[in-house]
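Here's the letter readout for the chains.
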Amino acid sequence: MLLEARDLEVRYGSVRAVRGLSLQLAPGEIVAVLGANGAGKSSLLRALLGLTRAHAGKVAFDGNDVTRWSTSARVRAGLVLVPEGRRIVMGLTVQENLLMGAGQRRDSSAVQTEIEQVYQRFPNLAARRHASASVLSGGEQQMLAIGRALLAAPKLMMLDEPSLGLSPRLANEVLAHVRDLNRERGLTILLVEQNTQRALEIAHRAYLLELGQVLRQGPAAEFAADHSLLDAYLGRGQAAQRPTPAQLTT
Ligand SMILES: Nc1ncnc2c1ncn2[C@@H]1O[C@H](COP(=O)(O)OP(=O)(O)OP(=O)(O)O)[C@@H](O)[C@H]1O
Ligand SMILES: [Mg+2]
């Protein structure tokens, strides 16, 4: 296994966001994590990376027990997150944002070549490399966030809702890039995505979370075929109608 989380717990005060959750990813897999708003998807990804403290449980990555490792040590080991909301630095250029992704690397000689590879993959970014990131469209910003993650030399790329806020066409384009990264580079991917149908089309396996627990896991094709399950827990294809995080704040 490339990643193995066992019995993970994340609490915010009295809220148990992740409850004894276990998850595994083999090298080369795309695994989708599905679940309604508040199911604990982002908390899970953040805990895997050490951005949010796990109160209990273990995380093993690429042969090491990383449970007590800092976030930066996990990133250096190849565990990389494309966060919810993209977190592009608008005051920097496209190229400067890409370089930020390489900040933890020690093999800086390879970075220039890899920046050019990112530009080949995302021609819209190449055309704007010296422009402020603030001129990018939502879809381009998401590609920049993925490009920045690629510059960190990931072995496992975790993406938190990469298609959020994008038109269906751009959402498909972003998810097609995710699939291509997996196919072409064998990149292992953990994908949190509200665009359930499309996520299940590109994923090999899926986990369905409810209230911080795994309600079900299995091959993506089995989920895709189970319409009643998807309707009950996810409201298939309703990504555009979901409430914004601000509306959910209590
Ligand atoms: N920083 C925080 N402080 C307190 N509670 C939090 C915090 N972050 C998340 N929570 C709570 O933890 C639970 C899980 O939240 P999380 O953001 O992990 O869910 P999610 O599945 O990513 O939801 P969404 O689909 O809306 O992004 C929710 O009940 C949420 O309100
Ligand atoms: Mg979330």
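This one's a predicted model, so the numbers in the text were calculated from it and none came from an experiment. (Residues numbered from 1 in each chain as written. Chains lettered and ligands numbered in written order. Predicted model: local features only at pLDDT ≥ 70, side-chain atom pairs only at ≥ 80, totals over all residues.)

### A short note on the site of ligand 1
Every one of the 13 residues lining ligand 1 counts as a neighbour, but Tyr12, Ala17, Lys41, Ser42 and Ser43 are closest to it. Breaking the shell around ligand 1 down by element, the ones donating at least two residues are strand E2 (15–25), helix H1 (41–49) and helix H11 (245–248). Of the residues forming the shell around ligand 1, the biggest block, three residues, is contributed by H1. Taken together, the residues that form the shell around ligand 1 break down as six nonpolar, six polar and one charged. (Near = placed C-beta within 6 Å. Helix = DSSP H or I, 4+ residues; strand = E, 2+ residues; numbered from the N terminus. Nonpolar A, V, L, I, M, F, W, Y, C, P; charged D, E, K, R; others polar.)

### A few points about the environment of Thr93
Among the secondary structure elements, Thr93 is positioned in the loop between strand E6 (79–82) and helix H3 (94–101). You can call Thr93 partly exposed: it has 17 C-beta atoms within 10 Å. Spatially, the C-alpha atoms of Thr93 and Ser228 are 46 Å apart, while their sequence positions differ by 135 residues. Dropping the residues within four chain positions of it, Thr93 is found in contact with Arg129, His130, Ala131, Ser132 and Ala133. (Buried ≥ 20, exposed ≤ 12 C-beta atoms within 10 Å, placed from the backbone. Contact = placed C-beta atoms within 7 Å.)

### Things to note about the confidence of the model for the chain
Across the chain, the average pLDDT comes to 91, with 94% of residues at or above 70. Note that residues 237–244 has pLDDT below 50 and, in this model, eight contacts with residues that lie over four places away or in other chains. Per-residue pLDDT stays below 50 along residues 246–250; that stretch engages in three contacts with residues further than four places along the chain or on separate chains. (pLDDT = per-residue confidence, 0-100.)

### Regarding the packing of H3 against helix H6 (residues 138–150)
Taken N-terminus to C-terminus, the directions of H3 and H6 make an angle of 40 degrees; their axes are 6 Å apart at the nearest point. Taken together, the axes of H3 and H6 are oblique relative to one another. Pair H3 / H6 crosses with right-handed handedness. Every residue of H6 that contacts H3 at Val94, Asn97, Leu98, Met100 and Gly101 is listed here: Leu144, Gly147, Arg148 and Ala149. (Axes fitted to C-alpha atoms, helices over the stretch in contact; angles between N-to-C directions. Parallel < 35°, antiparallel > 145°, perpendicular 65-115°, else oblique. Left-handed = near helix turned anticlockwise from the far one by under 90°.)

### So, the nonpolar core
One finds Met158 and Leu191 to be the most contacted residues of the largest nonpolar core, which totals 68 residues. Residue contributions to this core peak at six residues, all from H6. Residues within four places of Met158 in sequence aside, it is in contact with Leu45, Leu48, Val80, Leu81, Val82 and Leu190. (Core = buried A, V, L, I, M, F, W, Y, C linked by C-beta atoms within 7 Å.)

### Looking at the environment of Leu170
As for its position among the elements, Leu170 is in helix H7 (residues 168–185). Between the C-alpha atom of Leu170 and that of Ser70, which follows or precedes it by 100 residues, the distance is 34 Å. Apart from residues no more than four positions distant in its own chain, Leu170 is found in contact with Gly138 and Gly139.

### Looking at the sheet that holds strand E3 (residues 30–34)
Reading across the sheet, the six strands line up as E6-E7-E8-E3-E9-E10 and stay open at both edges, with mixed pairing between neighbours. The open sheet has two edge strands, E6 and strand E10 (213–219), and neither has a second partner. Taken pair by pair, the neighbouring strands of this sheet meet at an average axis angle of 15 degrees, ignoring direction. Relative to strand E9 (residues 205–210), E3 runs parallel, the two being bridged by four bridges. Bridged to Val31 within E9 is Arg205. (Pairing = 2+ DSSP bridges.)

### Quick notes on the environment of Leu200
Relative to the helices and strands, Leu200 resides in helix H8 (residues 196–202). A count of 24 C-beta atoms within 10 Å places Leu200 in the buried class. It is 32 Å that separates the C-alpha atoms of Leu200 and Ser134, two residues lying 66 residues apart in sequence. Ignoring anything within four residues of it in the chain, the contact list for Leu200 reads Ala32, Ala206, Ala220, Phe223 and Ala224.

### Focus on the sheet that holds strand E1 (residues 3–12)
Consider a sheet: its strands pair through backbone hydrogen bonds, and that pairing is either parallel or antiparallel. Strand order in this open sheet of four strands is E2-E1-E4-E5, and the pairing throughout is antiparallel. Pairing within the sheet leaves two strands with one partner each, and these edge strands are E2 and strand E5 (64–65).

### Notes on H1
Counting buried positions over the nine residues of H1 gives nine, a clear majority of the element. When we look at burial in H1, the residues that qualify are Lys41, Ser42, Ser43, Leu44, Leu45, Arg46, Ala47, Leu48 and Leu49. Backbone geometry just after H1 places Gly50 at a positive phi near 80 degrees.

### Quick notes on the packing of H6 against H7
To describe two helices that pack against each other, one gives the angle between their axes and the distance between the axes. The contact between H6 and H7 brings their axes to 10 Å, and the two run at 15 degrees. In terms of their interaxial angle, H6 and H7 are classed as roughly parallel. At the point where H6 passes H7, the crossing takes the right-handed sense. Residues Gly138, Gly139, Gln142, Met143 and Ile146 of H6 touch H7, and the partners they reach there are Leu170, Glu173, Val174 and His177. Class assignment for the residues of the contact of H6 with H7 results in four nonpolar, four polar and one charged.

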